[in-house]
Amino acid sequence: MFKFLSSLYRKYAADSRIVGFTRMETAGYRTGSFEALHHSSDDDDDDMVDIAGGTLDFSNTDDVPPLSSGVYEEYISRPAGMNGTNPTKLVDPLEDPLAGLGTYEDFNTIDWVREKSKDRDRHREITNKSRQSTVALLHSVSDAFSGWLLMLLVGLMSGALAGGIDIAAHWLTDMKDGVCLIGFWFNHEHCCWTSNETTFQERDRCPQWQSWGELITGTSDGAFAYIVNYLMYIFWALLFSFLAVTLVRAFAPYACGSGIPEIKTILSGFIIRGYLGKWTLIIKTITLVLAVSSGLSLGKEGPLVHVACCCANILCHLFTKYRKNEAKRREVLSAAAAVGVSVAFGAPIGGVLFSLEEVSYYFPLKTLWRSFFAALVAAFTLRSINPFGNSRLVLFYVEFHAPWHLVELAPFVLLGIFGGLWGALFIRANIAWCRRRKSTRLGHYPVIEVLVVAALTALIAYPNSYTRMSGAELISELFNDCSLLDSSQLCGYKQPTNTSETGVGNSLADRPAGEGLYTALWQLALALVFKMMITVITFGMKVPSGLFIPSMAVGAIAGRLLGVGMEQLAYYNHDSFIFKGWCSPGQDCITPGLYAMVGAAACLGGVTRMTVSLVVIMFELTGGLEYIVPLMAATMTSKWVADAFGREGIYEAHIRLNGYPFLEPKEEFEHSSLAVDVMRPRRSDPALAVLTQEGMTVGEVETLVESTRYSGFPVVVSKESQRLVGFVLRRDLLISIDNARKRQEGIVSASQLLFSEHAQSQPDDGPPPLRLRSIVDLCPFTVTDHTPMDITVDIFRKLGLRQCLVTHNGRLLGIITKKDILKHMAQIANRDPDSILFN
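Each chain carries its own residue numbering, running from 1 in the written order of its sequence. Residue-level local features of this predicted model are given only where pLDDT is at least 70; pairs of side-chain atoms are given and counted only at 80 or more, and the full residue set underlies all totals for whole chains, interfaces and linings. Only hydrogens and water are set aside when side-chain values are computed; all heavy atoms of the structure are taken into account.

Draft legend 1. The arrangement of the pattern of salt bridges in detail. Each reported salt bridge corresponds to a side-chain nitrogen of Lys or Arg within 4 Å of a carboxyl oxygen of Asp or Glu. For the structure shown, the criterion picks out 21 salt bridges. One salt bridge connects E115 with K118, and the closest N-O pair in it is separated by 3.5 Å. With a gap of 3 residues between them, E115 and K118 both fall in helix α5 (residues 112–130), about one helical turn apart. Overall, E115 belongs to the buried group, its relative accessible area being 1%. Elements are defined by DSSP. Helices are runs of H or I of four residues or more, strands are runs of E of two residues or more, and each kind is numbered from the N terminus. Only protein chains enter the accessibility calculation, which uses a 1.4 Å probe. A residue is then buried if its area is under 20% of the maximum for its type, exposed if over 50%, and partly exposed in between.

Given below as structure tokens:
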């Protein structure tokens, strides 16, 4: 009887407490939610899926066991009746983790250490289970093979898209000049393939292809036909550019530009939601074709890196290992950057080195192998599509017949000096123009800007045949070595007067320049000035725009001019001490096409500061393997000269212009400051916002989070001792509290929030505490207040940290974030520290 009365009393007391809790809630206990505290952005659901791996939905109110991470362990182990509540069975957070926990907000930096630790735990768990059953063993094998399968899919998808872009861009570019009568979908070259009426002198003319002037006026000659062709050229250029900028602005603003600065920032651990999403991929693919076909001074090679990374990011969602781990996903994106260069230039090895040297922030050996495999698959896919129609993978195939001589290293170095000067000048001019675009009304009218630049480009480019043709076609023409069967204007030499000057095989000996060559040189000189000026204002507009081809075109023009000059100098002075002994009359001594190739590498190196990868790309691009030494000499010279005016390349300059938190690995920290000089809070700042492992209520923590914008909070033993316990992320804290309020009975604002493992006993008449020790990082990186900043910067670079805590004798003093370091480095360099916009 006594036992029955006791149980009845306990049941009544429990019901009374539940009613009491309800009354306390209505009497003013705060029950805020994650949505109320979290400062949401205007990103749509699609953008959320692109980066974070799934749309976070906390509106579910079904009767589901709470998914808190490590909440109420004490109440699980207590018998019924203790503390006045019945025990609730909780789900193991390791087996069924809380949705959204461990994810990141937009424009935040990932925690590389936590992500790598998470992947190690996952891999260890799969390995341990694989010894228990055959099914688990098969799951372990499929998990190990998933990376190679993903690389295969990325290579196939990127190669197919690149082939389609090449074919479509070639077709639309030719459409500005005319149309094929037997099928409008044929470009000029394909239209004349089956024609039997082409001549050697005019191999690009056939009855099946008609210019717009010939189609409208009935004749291809005369001023009226020329004017019609001129106007149609401008019309198509304006139409293509208008469609490109309109589609970018309406559907995918992230599809503009090169994409490489943002890719470098994302690979360093920064999150830009939607930048690698499916809408960005679709719009970038379409508008890239339109922008290149419009005749603007831009290329498609840089944006193809962005396209390949979009493919990789989308395909990552098919594999749980990469979908739920940001660090693992960035390994795939590093390989995708190699794929982009592989399909852009037909240079798989150069693509791997480009990713290693220029783009990637973290590049382990496993990523090197997978990058090589993905680049191989992409190159094979592109070769199977054969977009150029010449059965070759390389973009500019060259076949030089004369070897280079040691004396020629002087003009090659001269081209390197020109490339370095041009690179430094271009970076300063382009950044100044882009800054003006951002700070004035010019940036409010991107459509008008693109149309004006497209009209100006078409208006000036059409009269000059070397600016009228596409960038890739121009470079191919400049790389060309004049042979007996060549009808190019650049091969307009005077005919040899005796048989001893005919050369050997298919090559021709050095000959005096003819009238056609002089005309071509004047046109090239004008094209050089035009390309140098128009590229400055074109790069950075709101259309997809690459910089590889325009930079190579500038260098190739300068190299061809110098090469022809050296050729004529050798012809008329072959008895001088410089040429005597290796350049006899009747020999092919100087190859102007080689100078164009070296000049292209020098200018591209001056703009991007690439070295090893650039040399490999160039000899893969052209097939000129024996000319590595001239390429190396020009590339290193251009880098040294450009570095004398500023160490950052064009991509690093645009990263700094946009305020991205990117710690450049190439930049050295030479200041003698200490960690205490950079940490926050400063002497004039308020005290550091911290959480104590015991003694704070849910309401107090929510008030603290709501009143600050920090991405995380240190956890200390108490505010008096300031002994460091760990670090908890703002997002994890909000998600856990919101989940506990919705799915766990009795959690109110007065509930104690505990980060300790063994807490003091709670009063029986109070609400149950909320334990969140499992979301605390118990091993945060710390430095002492006297740690030199150069060591701290190296720690941030090599470990990919987002923050580091500063202590003195074990007591917490402050915190250093990546943004703090970037601001400090900007102050040292006399730059505006507020230009660092994101964290």
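Draft legend 2. Highlighting unusual backbone geometry. Between R680 and the following residue, P681, the backbone shows a cis peptide bond with an omega angle of 5°. With respect to the element layout, P681 can be found in the loop between α27 (675–678) and β3 (691–692). A positive phi angle, close to 60°, is found at F107, a residue other than glycine. Topologically, F107 is positioned in the loop between α4 (73–77) and α5. Non-glycine residue N386 carries a positive phi angle of around 55°. Within the secondary structure, N386 sits in the loop between α16 (365–385) and α17 (409–439).

Draft legend 3. Structural detail: empty space enclosed by the protein. In the cavity and pocket records, a cavity denotes points on a 1 Å grid over the protein atoms alone where a 1.4 Å probe fits but cannot get out, a pocket denotes an open set with protein on both sides within 12 Å along at least 5 of 7 lines, and lining residues are residues with an atom within 4 Å of a point. Grid points are joined across faces, edges and corners, and a volume is the space filled by probe spheres set on the points. Tallying each qualifying case throughout the model produces 4 cavities of 30 Å³ or more. In this structure, the second largest cavity occupies an estimated 70 Å³ of space. Of all the secondary-structure elements, those providing two or more residues to the lining of the second largest cavity are α6 (134–175), α14 (326–345) and α16. In terms of residue class, the lining of the second largest cavity is built from 4 nonpolar, 2 polar and 2 charged. Note that Gly is not counted as nonpolar here; it falls among the polar residues with everything else outside the nonpolar set of Ala, Val, Leu, Ile, Met, Phe, Trp, Tyr, Cys and Pro and the charged set of Asp, Glu, Lys and Arg.

Draft legend 4. Structural context of helix α31 (residues 818–828). Judged by how many residues are buried, α31 sits mostly within the fold: 8 of 11 residues are covered. Of all the residues in α31, the buried ones are K818, K819, D820, I821, L822, H824, M825 and A826. Lining the buried residues of α31 we find α27, α30 (789–799) and β11 (811–817). Residues are treated as being in contact if the distance between any of their heavy atoms lies within 4.5 Å.

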